[in-house]
2 protein chains.
Amino acid sequence: MAWKQNRTDVRVTKIRGDRMYVTEDLIVREVPVTLFLNGKEFVTLLCSPDSLEELAVGFLCSEGILQQPPDLKSININSEEGLVYIEATVSQTEKTLINRYNTACYGRDRSIFYFINNIKNVSTVKTDFIKITPGQVLTLTDRLEQMSLLFRETGGVHNAALCNNVEVILFYEDIGRHNAVDKIFGKSFLSGITLEDKLLIFSGRISSEILLKAAQMGIPIIISRSAPTALAIDIADKLGITVVGFAHGDKLNIYTHPKRVTAM
Amino acid sequence: MAWKQNRTDVRVTKIRGDRMYVTEDLIVREVPVTLFLNGKEFVTLLCSPDSLEELAVGFLCSEGILQQPPDLKSININSEEGLVYIEATVSQTEKTLINRYNTACYGRDRSIFYFINNIKNVSTVKTDFIKITPGQVLTLTDRLEQMSLLFRETGGVHNAALCNNVEVILFYEDIGRHNAVDKIFGKSFLSGITLEDKLLIFSGRISSEILLKAAQMGIPIIISRSAPTALAIDIADKLGITVVGFAHGDKLNIYTHPKRVTAM
């Protein structure tokens, strides 16, 4: 089980009311993983140390570098050292990105790339391949919480799941918000899983960046047990994506395009 | 009150058990703010739209660009458009940073800067200017939760507070984990508040990046009601910083340098 390598024991001084004692406790791991693209160092991600292939491929999909399966020529992973070597056909999109970053890139983080570049490239999600009932949404979010073993043991990770109406198809956990979703993007790319008829359930807040990532994936419904931001809602409204927030127990809020959530 | 401008009303379809109805609800705002340094576009941050002066100055402090108060020549803010213009004396550190990013920067996010650069520059926090009792820690974390109005109304923000043993000195909320801490860094820089005798309370997980930011600020104690990562603990151990996690109710865990948390 991947999540076992994602945690480690540490020595901790616990205070419980008037008692103080030293013990061992499980804590979530965080490692730097450096990605080399066509022989050049490209990016270093801080992540949970599992599913590095999915993470690396998903990151390159998110950045618009990998667009079609034939773009990926080879991938070699050194898990011990946290190094991933990818050979790929670099699309025009990547060249645009590199130029943009070379002209004025100091201190920029990847959020900006989404704003200046992706919002133009992402097409509207118009599919009606999936509708879901409120009961199905709540059953799936409940299942995601049950599956979150690493969170229950360490309290330190985000998780994301790709689902159809009734079951969880992919499930990943990571200390990074983006990484958990990138792992789903990468696995779908590697395994040829269609996304326009699926929904994404995410443990964290739905920010503009997470919303744009779902849009890039072509996913029509994004669900969270947490809150969306107003900017994410604006973008989802424009791009035709259904945003569901605060899904928990027997309650949920639908912020955009409620037509996909039906009583049936 | 700043937090009022940080939220907005949206139309939402609510499902509560078998009932479905349309209503208005408060949701947290998220805006892009672009920072110009000495006339050049430098970075765009996604943030809550308050305390932009503190945020901009704190971001430049975090990046090692502003080191001493005389480095800051002027700051002009256009809140309406989300534009901040800063004139500053650029230190050698910034030149190093810019060169580094110009040689190989595509896709990098700011986490990497911390890893390749900051860990060498941050000095060990050796101060014993502050000790705190477990009771004081729990009183302060409890107060932080009470102060978090925006979170209670929208469920969508992180908060951070700068405290001494007994009171909250600065308090900021932001949709971005880093931004809330950067606002504290910026306000302290602008107002000449000493940091080596204070503690930082943070609502989110203590990742390596947040830990390194506290180290750069010279803060000896960082406290969270959430979990730290193993990498953050490793770095805190080396840098002499006390990490307290899961502080809530009458419980807390001390992960590093417990000598600063005393029964008194």
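Look a little higher up for the structure.
Residues numbered from 1 in each chain as written. Chains lettered and ligands numbered in written order. Predicted model: local features only at pLDDT ≥ 70, side-chain atom pairs only at ≥ 80, totals over all residues. Heavy atoms only, no water.

Engineer: Can you help me understand the packing of aromatic side chains in this one?
Structural biologist: Centre-to-centre distance and the angle between the planes together describe a pair of aromatic rings. All chains considered together, the criterion is met by four aromatic pairs over all chains. Considering the side-chain rings of Phe-42 of chain A and Phe-59 of chain A, the 6.5 Å spacing of their centres and the 70° angle between planes classify their relative orientation as edge-to-face. Of this pair, Phe-42 of chain A sits in strand β4 (residues 40-47) while Phe-59 of chain A sits in helix α2 (residues 52-62), and the two are 17 residues apart along the sequence. Both residues of the pair, Phe-42 of chain A and Phe-59 of chain A, belong to the buried class. On the numbers, 5.0 Å between centres and 15° between planes, the contact of Phe-36 of chain B with Tyr-85 of chain B is stacked. Placement of the pair is Phe-36 of chain B in strand β3 (residues 31-37) and Tyr-85 of chain B in strand β6 (residues 83-88), with a sequence separation of 49 residues. Looking at Phe-36 of chain B, the relative accessible area reads 19%, which means it is buried. (Phe/Tyr/Trp six-rings, centres within 6.5 Å; stacked < 30°, edge-to-face > 60°. Helix = DSSP H or I, 4+ residues; strand = E, 2+ residues; numbered from the N terminus. Buried < 20%, exposed > 50% of the residue type's maximum accessible area, 1.4 Å probe, protein only.)

Engineer: Teacher, can you tell me more about the sheet that holds β6 of chain B here?
Structural biologist: Sheet strands associate in pairs through backbone hydrogen bonding, adopting either a parallel or an antiparallel arrangement. All names here are of chain B. Spatial ordering of the open sheet is given by β4-β3-β6-β5, a layout of four strands whose pairing is mixed. At either margin of the open sheet sits one strand with a lone partner, and together these are β4 (40-47) and β5 (72-78). Across the sheet, the axes of successive neighbouring strands diverge by a mean angle of 20°, strand direction being ignored. (Pairing = 2+ DSSP bridges. Axes fitted to C-alpha atoms, helices over the stretch in contact; angles between N-to-C directions.)

Engineer: Would you explain the relation of the copies chain B and chain A in this entry?
Structural biologist: Superposing chain B onto chain A requires a rotation of 180° together with a translation of 0.0 Å along the rotation axis, leaving an RMSD of 0.0 Å. Those values place the two copies in the arrangement expected of a two-fold rotation axis. Residue by residue, 100% of the interface of chain B is reproduced at the interface of chain A, so both copies engage with the same surface. (Least-squares fit on C-alpha atoms with pLDDT ≥ 70 in both. Contact = heavy atoms within 4.5 Å.)

Engineer: How should the interface of chain B and chain A be read in this particular structure?
Structural biologist: You'll often see interface size given as the accessible area lost when the parts meet. Listed as interface residues are 64 residues of chain B and, on the opposing side, 65 residues of chain A. Where chain B abuts chain A, roughly 5300 Å² becomes buried across the two surfaces, and 59% of that area is made up of carbon and sulfur atoms. For the pair chain B and chain A, the number of links is zero salt bridges. The tally of links from chain B across to chain A stands at 18 residue pairs in polar contact (both at pLDDT 80 or more). When contributions to the side of chain B that touches chain A are tallied by element, the ones reaching two or more residues are β1 (7-16), β2 (19-28), β4, α3 (92-103), α4 (110-121), α8 (208-217), α9 (230-239) and β12 (251-254) of chain B. (Buried area = accessible area lost by both parts, 1.4 Å probe. Salt bridge = Lys/Arg side-chain N within 4 Å of Asp/Glu carboxyl O. Polar contact = N/O pair within 3.5 Å; in protein donor to acceptor, adjacent residues only side chain to side chain.)

Engineer: Is there a simple way to explain the pattern of salt bridges in this structure?
Structural biologist: Where charged atoms from two side chains of opposite charge come close, those side chains can pair. Residue and element names in this part refer to chain B. Summed over the entire model, instances satisfying the criterion amount to twelve salt bridges over all chains. With a closest N to O distance of 2.7 Å, Lys-213 and Asp-182 form a salt bridge. Of this pair, Lys-213 sits in helix α8 while Asp-182 sits in helix α7 (residues 177-191); the two residues are 31 residues apart in sequence, bridging distant segments of the chain. We note that Lys-213, like Asp-182, is buried.

Engineer: What's the story with the environment of Ile-193 of chain A in this structure? I'm lost.
Structural biologist: Residues and elements named next belong to chain A. Relative to the helices and strands, Ile-193 resides in the loop between α7 (177-191) and β9 (199-202). A C-alpha to C-alpha distance of 23 Å links Ile-193 and Thr-133, two positions 60 residues apart in sequence. Those residues in contact with Ile-193 that lie beyond four places of it in its chain are Leu-162, Leu-170, Lys-187, Ser-188 and Lys-198.

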